[in-house]
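Residue strings, one per chain:
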Amino acid sequence: MLDIADELNRWVEQGRTFAVATVVATNGSAPRQPGAALAVDSDGTAIGSVSGGCVEGAVYALCQEALQTGESVLERFGYSDEDAFAVGLTCGGIIDIFITPVRASAPGAAAERGPAGDVVDSNAAPLAAALAAASSGEAAAVARIIEGPADLLGRALVVRPDGSHTGSLGGHPALDRTAVEETRALLDAGRTTTLEIGADGSQCGQPVVLLVESSVPAPRMIVFGAIDFASALVKVGKFLNYHVTLCDARPVFATRTRFPEADEIVVDWPHRYLDSQELDSRAVLCVLTHDAKFDVPLLERALKLPVAYVGAMGSRRTHLDRQQRLRDVGLTEIELNRLRSPIGLDLGARTPEETALSIAAEIVANRRGGTGSPLTGAHTPIHHEAPRPVGRIGEVA
C-alpha cells in the first residue's frame, strides 16, 4: 500500500472513500512482492498494480465489492491447470491479496458514525498517518490484521521509529504492545512481511496474522568521481529510486550543469565527505575516480562500513595495484573481499550508459541475491523468494 502512498495520501486529503488491495504473500513466480497494492475509489478510479496484469480485473471487482460491503477480505489467486486463461497467474505463481475499504473524511469534517455512535472506519486515522509519512519521506510502518477473529480483521496501527504509534488493533491490550514492538523492529530493518502473534499478544492462544509494511527514506547511492560514466550512473541510480549524491573534490567538474539528475552535488575530498555521513545497510558506494590519491583513503574507510555495496572502477591492473595499496594501509583480506572491482557485471559494456547498466545490474543482483547469469536455459527461480510468511496464508493450496 505504501508504494502508492503519494496518490493515496491525496485521496485521503480529499476525503475520498476507497478500497486498497495489498499483496501479503507470494509463492513461485509471482510478479509483485508483498506490499504492492491496487486501490480503487468510489468513482471507479484505479491506481497501482498487484500482479502486472494477471488478476487486476478480478481484484478491481473485489475492491468495488469491499466498498459496498465495508468488509475486509483475504483472497488467493494462482495458476489453474484446468483453465490457464481463467482468473489466475498464468506465470505459475500464487499470491494472497488482502482487500480493505477505507472511509476517509475530508479535513475538518466530522467523523462518520454508525447507528450506535461508533466511528464507521476506525482505521482511517492510522492509515492516513502511514500514508502521510510515506508520502513525505518519513520512516513509518503500518501493521494490519489480515487473518484472525472476524471482528479484528483489517484493524491497523502505524508505528514510528521512536516507538510511538497511532491506532489500535482492537483486541487484548497486550496485542497492541507486542505488535508495536515487532513492527518497530521490522521498521528498523526496512522490511515488509507478515508475522503471527497471539490475539492476547503472546505466542500462544488464537493466532493473529499481521501484514507489516515499512516505509523508509530512499536508500543512498554515493557516486565518487565527476566523470562521464558517473553522469550515466546518476541517471540509472535515480531510475532505481536511490537518493543519489555525486561527490568530487574538483569544483570545475562537480556542477549541476553536468549532473542535473543528482539529488546532491558535493565538492569535497571523497574520504572526508564519507567520514561526515551516517549510512545504513542499504547504502551503495560507487568509486569511479580510479585515482590512487582519491581511491585509497576513500576505500580504506568504505570497506569498514556496514553498507550494502562498495564498487570501484578500473582495469584489472589498477585493481591489483589498488588492493596492494589497501593492504599497505592495514585492510584485512575479509575487508578487501567486500570490494567489487572491476566494478559491474560482464555485459561487454563500452559506453558510459552501458557501463552504468552493468554497475546497476551488479547492485541489483547483490541486493536481491541474483547470480547475474542468463535466465535462458537456467533452472534457477526467476524471482528469488523473500522470507516465507507464517500462518495459513503462506501455505500452497
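Residues numbered from 1 in each chain as written. Predicted model: local features only at pLDDT ≥ 70, side-chain atom pairs only at ≥ 80, totals over all residues. Heavy atoms only, no water.

Observations concerning the overall build of the protein chain
For step 1, the next point in the chain: Within the protein chain one finds ten helices and 16 strands.
For step 2, the next point in the chain: Partitioning the intrachain contacts of the protein chain with sequence separation of at least 6 by distance along the chain shows that 58% fall at a separation of at least 24.
For step 3, the next point in the chain: Here the protein chain displays about 19000 Å² of accessible surface, and carbon together with sulfur accounts for 50% of that area. (Helix = DSSP H or I, 4+ residues; strand = E, 2+ residues; numbered from the N terminus. Contact = heavy atoms within 4.5 Å. Areas by Shrake-Rupley, 256 points an atom, 1.4 Å probe, with all protein chains shown as cover.)

A look at the sheet that holds strand E15 (residues 309-312)
For step 1, the next point in the chain: On the basis of which strands lie adjacent, the open sheet formed by six strands has the order E13-E12-E11-E14-E15-E16 and parallel pairing. What marks the edges here is a single partner per strand, and that holds for strand E13 (264-267) and strand E16 (339-340).
For step 2, the next point in the chain: Against the sheet, helix H5 (residues 228-239) makes contact with strand E11 (220-224), strand E12 (243-248) and strand E14 (284-287), and its axis sits at roughly 175° relative to E11, the strand it touches most. (Pairing = 2+ DSSP bridges. Axes fitted to C-alpha atoms, helices over the stretch in contact; angles between N-to-C directions.)

Re the packing of helix H7 (residues 292-302) against helix H8 (residues 316-328)
The relative placement of two packed helices is expressed as an angle between their axes plus a distance between the axes.
For step 1, the next point in the chain: Between H7 and H8, the least distance of the axes is 10 Å, while the angle of their chain directions is 55°. Judged on the interaxial angle alone, H8 and H7 are oblique. As for how H7 packs across H8, the hand of that crossing is right-handed. On H8, the residues that touch Ala-292, Asp-295, Val-296, Leu-299 and Glu-300 of H7 are Arg-322, Arg-325 and Leu-326. (Parallel < 35°, antiparallel > 145°, perpendicular 65-115°, else oblique. Left-handed = near helix turned anticlockwise from the far one by under 90°.)

Side note on the side chain of Thr-245
For step 1, the next point in the chain: Position of Thr-245 relative to the elements: it lies in strand E12.
For step 2, the next point in the chain: Classification of Thr-245 as buried rests on a relative accessible area of 0%.
For step 3, the next point in the chain: At 3.3 Å, the side chain of Thr-245 and the side chain of Arg-220 are in polar contact.
For step 4, the next point in the chain: At 2.8 Å, the side chain of Thr-245 and the side chain of Glu-264 are in polar contact.
For step 5, the next point in the chain: Apart from the residues lying within four places of it in its own chain, the contact partners of Thr-245 are Arg-220, Met-221, Ile-222, Val-223, Glu-264, Val-266 and Tyr-273. (Buried < 20%, exposed > 50% of the residue type's maximum accessible area, 1.4 Å probe, protein only. Polar contact = N/O pair within 3.5 Å; in protein donor to acceptor, adjacent residues only side chain to side chain.)

A few points about the pattern of salt bridges
One side chain can pair with another of opposite charge once the charged atoms of both are near each other.
For step 1, the next point in the chain: Within the structure shown, the criterion is met by 15 salt bridges.
For step 2, the next point in the chain: Here Glu-213 ties to Arg-144 by a salt bridge, and the two come within 2.7 Å at their closest N and O atoms. Linking Glu-213 in strand E10 (residues 207-215) with Arg-144 in strand E6 (residues 140-147), this pair joins segments that are 69 residues apart in sequence.
For step 3, the next point in the chain: Residues Glu-333 and Arg-327 are paired through a salt bridge, measuring 2.7 Å at the closest nitrogen-oxygen approach.
For step 4, the next point in the chain: Take Glu-333: its relative accessible area is 42%, and that puts it in the partly exposed class.
For step 5, the next point in the chain: The exposure class assigned to Arg-327 is partly exposed, which follows from its relative accessible area of 32%. (Salt bridge = Lys/Arg side-chain N within 4 Å of Asp/Glu carboxyl O.)

What to know about the side chain of Glu-335
For step 1, the next point in the chain: Inspection of the secondary structure puts Glu-335 in helix H9 (residues 333-336).
For step 2, the next point in the chain: No salt bridge forms around the buried Glu-335; measuring N to O, its nearest opposite-charge neighbour Lys-304 is 5.2 Å away.
For step 3, the next point in the chain: In contact with Glu-335, other than residues within four places in its own chain, are Leu-303, Lys-304 and Gly-330. (Lys, Arg positive; Asp, Glu negative; His and termini not counted.)

With respect to the packing of aromatic side chains
For step 1, the next point in the chain: Applying the stated criterion to the full structure yields two aromatic pairs.
For step 2, the next point in the chain: Between Trp-269 and Phe-294, the ring centres sit 5.0 Å apart and the planes meet at 45°, which makes this aromatic pair tilted. Pair noted here: Trp-269 is in the loop between E13 and helix H6 (270-275) and Phe-294 is in helix H7, with a separation of 25 residues, a long-range link.
For step 3, the next point in the chain: What makes Phe-294 buried here is its relative accessible area of 10%. (Phe/Tyr/Trp six-rings, centres within 6.5 Å; stacked < 30°, edge-to-face > 60°.)

What is shown is where atoms sit, not what they do.
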